[in-house]
Amino acid sequence: MNEQEAYQTVVKNQIINDDDVKRYAKAAVPERKPALRVLKPVTIALAALLLVFGAAMTIPAARAEVLGWFAPSSARDYIGTDPKDREPVPEIDGMVVDASQNQTEIKLNYVADEPYWREIGENFSATLGETFFDGRDIYLRIDFEGLSGYPVFENAWCPSLPADALLPALLAAEDGTEPESHLVLTLPDGKELPAWMAAAERPVDGAFIRSFRERFDPHRSYDEETAAAWREESLAHCRANGARAVADVHIDRPDEYRFYPDNGRTLGDYIDENGYLTLYVRYWVSVDRAEPETKLDVDLGTVKVNMTGYRDMKTRSVAVENGTIELFGDAEISDWLFDLDPSRGVRSCSVDLNGVKLQVATPGTVDILGVHDLQILVTTPDGWSEEQKRVFARNLLFDVKIDDDLTITYGGGLTDNGDGSYTMCIDLGDGIPLNRIATIETVTLTPVLHLTSFPESAIVLKVN
Amino acid sequence: MEQYETFNRIYDATRDALLRWLLPRIRSSADIEDLMQEIYRKLYRKMRKSGVREPEKYVFGIAKKELARFYRRRAVVQICEAPLSEQLPDEGCEPEDIVLDRESEREIWDLIRSEPLPSYQAFALYYGLSVPTNEIAQALGISEDAVRKRLSRTRARLRRYLEERQAEEQKGAFHERTGSISNRG
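Reading guide: rules and limits
Residues numbered from 1 in each chain as written. Chains lettered and ligands numbered in written order. Predicted model: local features only at pLDDT ≥ 70, side-chain atom pairs only at ≥ 80, totals over all residues. Heavy atoms only, no water. Helix = DSSP H or I, 4+ residues; strand = E, 2+ residues; numbered from the N terminus. Buried < 20%, exposed > 50% of the residue type's maximum accessible area, 1.4 Å probe, protein only. Areas by Shrake-Rupley, 256 points an atom, 1.4 Å probe, with all protein chains shown as cover. Contact = heavy atoms within 4.5 Å. Patch = residues over 30% accessible without salt bridge, like charges linked within 9 Å, V, L, I, M, F, W, Y side chains within 5 Å. Salt bridge = Lys/Arg side-chain N within 4 Å of Asp/Glu carboxyl O. Lys, Arg positive; Asp, Glu negative; His and termini not counted. Charge placed at Lys NZ, Arg CZ, Asp CG, Glu CD. Core = buried A, V, L, I, M, F, W, Y, C linked by side-chain atoms within 4.5 Å. Domains from an automatic or database assignment. Pairing = 2+ DSSP bridges. pLDDT = per-residue confidence, 0-100. Axes fitted to C-alpha atoms, helices over the stretch in contact; angles between N-to-C directions. Parallel < 35°, antiparallel > 145°, perpendicular 65-115°, else oblique. Left-handed = near helix turned anticlockwise from the far one by under 90°. Expected span 1.5 Å × (residues − 1). Phe/Tyr/Trp six-rings, centres within 6.5 Å; stacked < 30°, edge-to-face > 60°.

A. Summary view of the overall build of chain B. Scanning chain B from N- to C-terminus turns up seven helices and zero strands. Reading the helices (α) and strands (β) of chain B from amino to carboxyl end gives α-α-α-α-α-α-α. Split into buried and exposed, the 185 residues of chain B put 46% on the buried side. As displayed, chain B has an accessible area near 10,100 Å², and 48% of this comes from carbon and sulfur atoms.

B. The overall build of chain A, seen in detail. When helices and strands are counted, chain A shows 10 helices and 23 strands. Looking at chain A as a whole, 55% of its 464 residues qualify as buried. Considering only contacts in chain A between residues 6 or more positions apart, those separated by 24 or more positions represent 71%. Working note: accessible area of chain A is about 19,900 Å², and carbon and sulfur atoms make up 49% of it.

C. Spotlight on a negative patch on the surface. All names here are of chain B. Among the surface-exposed residues, D101, E103, E107, D110, E163, E164 and E168 lie close enough to one another that they form a single negatively charged patch. Contributing elements (two or more residues each) for the negative patch: helix 4 (102–113) and helix 7 (144–184). Within the secondary structure, D101 is located in the loop between helix 3 (55–72) and helix 4. By relative accessible area, D101 is classed as partly exposed at 41%.

D. Structural view of the nonpolar core. Residues A:L353, A:F392 and A:L445 are the most contacted members of the largest nonpolar core, which totals 55 residues. Of the domains in this structure, domain 1 (19–312) and domain 2 (316–463) of chain A are the two that each give at least three residues to this core. Once you skip the residues sitting within four places of it in the chain, A:F392 turns out to touch A:L327, A:I333, A:L353, A:V356, A:V378, A:T380, A:W384 and A:L449. Formed by 53 residues, the second largest nonpolar core is a distinct cluster that contains B:L19, B:I98, B:V131 and B:L140.

E. Representation of the pairing of strand 6 (residues 192–199) of chain A in the model. Residues and elements named next belong to chain A. Where strand 5 (residues 179–186) meets strand 6, four bridges bridge the pair, whose relative direction is antiparallel. The partner of L185 across the bridge, within strand 6, is L193. Linking two consecutive strands that pair antiparallel, namely strand 5 and strand 6, is a turn of five residues; a positive phi of about 95 degrees is found at G190 within it. Two strands pair when backbone bridges link them, and strand 6 and strand 7 (residues 243–250) are joined in this way by four bridges, in the antiparallel orientation. Residue pairing for strand 7: W196 is matched across the bridge by D248.

F. Geometry of the confidence of the model for chain A. Residue and element names in this part refer to chain A. Overall, the predicted model of chain A reaches an average pLDDT of 76, with 73% of residues at or above 70. Contacts for the low-pLDDT stretch residues 154–176, under 50 throughout, to residues beyond four places or in other chains number 88 contacts. Here residues 217–221 is a poorly scored stretch, pLDDT under 50, and it has 12 contacts once near neighbours within four places are set aside; other chains count.

G. Region of interest: unusual backbone geometry. Despite not being glycine, A:D373 shows a phi value in the positive range, around 55 degrees. Within the secondary structure, A:D373 sits in strand 16 (residues 370–379). One non-glycine residue, B:S130, lies in the positive phi region at around 55 degrees. When you line up the elements, B:S130 lands in the loop between helix 5 (117–129) and helix 6 (133–140).

H. Geometry of the packing of helix 5 of chain B against helix 6 of chain B. Residues and elements named next belong to chain B. At a minimum axis separation of 10 Å, helix 5 and helix 6 run at an interaxial angle of 140 degrees. Between helix 5 and helix 6, the interaxial angle falls into the category oblique. Considering the relative orientation of helix 5 and helix 6, their crossing is right-handed. In contact with P118, Q121, A122, L125 and Y126 of helix 5, helix 6 contributes T133, I136 and L140.

I. A look at the packing of helix 1 (residues 3–14) of chain A against helix 5 of chain B. Axis separation between helix 1 of chain A and helix 5 of chain B bottoms out at 8 Å; the angle between their running directions is 105 degrees. The angle between helix 1 of chain A and helix 5 of chain B places the two elements in the roughly perpendicular class. Of helix 5 of chain B, the residues touching helix 1 of chain A (which contributes A:Q4, A:Y7, A:Q8, A:V11 and A:K12) are B:F123, B:A124, B:Y127 and B:G128.

J. Quick peek at helix 5 of chain B. Residues and elements named next belong to chain B. When the terminal C-alpha atoms of helix 5 are compared, their 17 Å separation across 13 residues agrees well with the 18 Å that a helix rising 1.5 Å per residue should span. The element helix 5 is largely enclosed, with a buried count of 11 among its 13 residues. Those residues of helix 5 lying buried are L117, S119, Y120, Q121, A122, F123, A124, L125, Y127, G128 and L129.

K. Quick look at the side chain of B:T133. Along the chain, the position of B:T133 falls in helix 6. Classification of B:T133 as buried rests on a relative accessible area of 16%.

L. The packing of aromatic side chains, seen in detail. Within the structure shown, the criterion is met by 17 aromatic pairs over all chains. Their ring planes at 80 degrees and their centres at 6.2 Å tell us that A:F124 and A:F144 sit as a pair that is edge-to-face. Pair noted here: A:F124 is in the loop between helix 7 (115–122) and strand 3 (126–133) and A:F144 is in strand 4 (residues 137–144), with a separation of 20 residues, a long-range link. There is no split in this pair, since A:F124 and A:F144 are both buried. Here A:F124 and A:Y283 contribute two aromatic rings whose centre-to-centre distance is 5.9 Å and whose plane-to-plane angle is 35 degrees, an arrangement assigned as tilted. In this pair, A:F124 is assigned in the loop between helix 7 and strand 3 and A:Y283 in strand 8 (residues 276–288), connecting sequence segments 159 residues apart. Per residue, the accessibility class of A:F124 equals that of A:Y283, and both read buried. One aromatic cluster is present, formed by A:Y7, B:F123, B:Y126 and B:Y127 through successive ring pairs.

M. Quick look at the pattern of salt bridges. Considering all chains together, one arrives at 25 salt bridges over all chains under this definition. Measuring nitrogen to oxygen at the nearest pair gives 3.2 Å for the salt bridge that ties A:R244 to A:D82. Remark: A:D82 occurs in the loop between helix 5 (75–80) and helix 6 (90–93) and A:R244 occurs in strand 7; sequence separation between them is 162 residues. For the residue pair A:R244 and A:D82, the accessibility class agrees, reading buried in each case. Note that B:E135 is salt-bridged to B:R20, the shortest N-O span being 2.3 Å. Taken together, the residues span a long stretch of sequence, with B:E135 in helix 6 and B:R20 in helix 1 (residues 2–22) at a distance of 115 residues. Looking at B:E135, the relative accessible area reads 32%, which means it is partly exposed. Within the structure, one salt-bridge network assembled from shared partners comprises A:D82, A:K84, A:D85, A:R86, A:D93, A:E130, A:R141, A:D143 and A:R244.

Printed below as a string of structure tokens:
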């Protein structure tokens, strides 16, 4: 073949492995699984791993480095980290309630009469940990001991986990179905707050994940035998270490939170005179065949949440140093325009960026958890079509630089103002290590379009 | 089984368009397969659980969210690259009669992947997805001239590899030939 044909062949064959992508998508094993070059006996491998990790944790410098890997950068991260493994943020600690001090007994309501689920049910054990309300979400940490933690990892593909973490136990049950964990927080009169639960990475899990990462060869395909080996190793990990999860319920304003069907009360009505909310915690696991089948149902106990402490959180104001920027030059933007015309596929729009203006509408505030409610008004020239305005706004990202060394790329949070302009609401309650928020001085926003940034056009904010 | 077939059909129909959309947006050549896997996994999961009315459109909806999620917690890594020369590099002679086996395909691909990200993106879009240079330039936010330079630079490197490989093969064939002659001798 000639040169062009050779390069075409190479790129088409190598850029992605279509069989792997399809197999991964369709497998009952829902998370990506690496091929193991060498499969060591599971117990020896795990023991060695924990020994090394334990040794590192006892050496001060190594421990600091290990803990640095897991520096919490959100309320969820903070609650999901054991207090002994995190740098304390006293303001948050003052609002946290530790449920483990008043642990009530777990009650097993139901377990499926199958060997696999019976084993989990008979040995079920979990500890309710800390709760925290940050003015927006209620967070609750739960430590599942041993194999009880196994189904929890099913939810661990959530965005709060590092995208490159390989999760150890994201596997189907023995019959090939996919377990799904559920958690609901119930009020004394039975009204429910459905929680979204996700696995929290712990140092042990992090080391476990990284050990797999080191053995992972992205160029090799995985096969059924490897998947089975992976599953066994993950089960062994769960038996030895269980899992930690963080459940959260988005509340926003308790005095405006209503239930369905409406009982005439808001969540605020359930808060006691000391500012605390009492919640019963129920956990169950189902598998989805023709319809959901419950496999396990457990009452985990009672927790209290401090619902008013957040009002005393210190906030720092933000001053605008450079609040309006304009863009220049030409750009090609692509998007799926299904909102405007369902029959169209991906299209490209050519736009002249001259006249595009990005302006700080509200500078937001900074509290102990991050940068909040920063709003940017996006206006485009009058000659643009509605389609171009919409596509541009949807493609726009910001590289948000915190002081000199941390950059977070942010996109979305758009509101159509109805007059051709859009407002992007930027909330960085997740992404900035909590132990450095108190010292933030500058926030710089550089617009990014299709990975091209416009560094000469940057919004600059100063935190007081 | 019907669902598998439907999924395969949707995959085949959307794969190239999705790659074409994703390639200019990735930050590392290693990310593309991870992203594709996650996007199609979520599509299949959704198809299994509650069905998807318009899967081709859904794929791109997932892709946008997955891209934002994928990079949201990653700090931007500034990659220092030597500035592109003003002149096009000497690419050498165009190789002819190239024979590829699995190993050489892998080696060539490793070389392509090890190129700076914009070069990898340009090469993959140009040769893998037949995207013209002017569209590549617009997708990557660089000039068409820069695209051509990057393609040229990558080709020069690959040609050096192919020449070395060809030289080794010829050396091996010579030894085999002389060995067989001496055996007969």
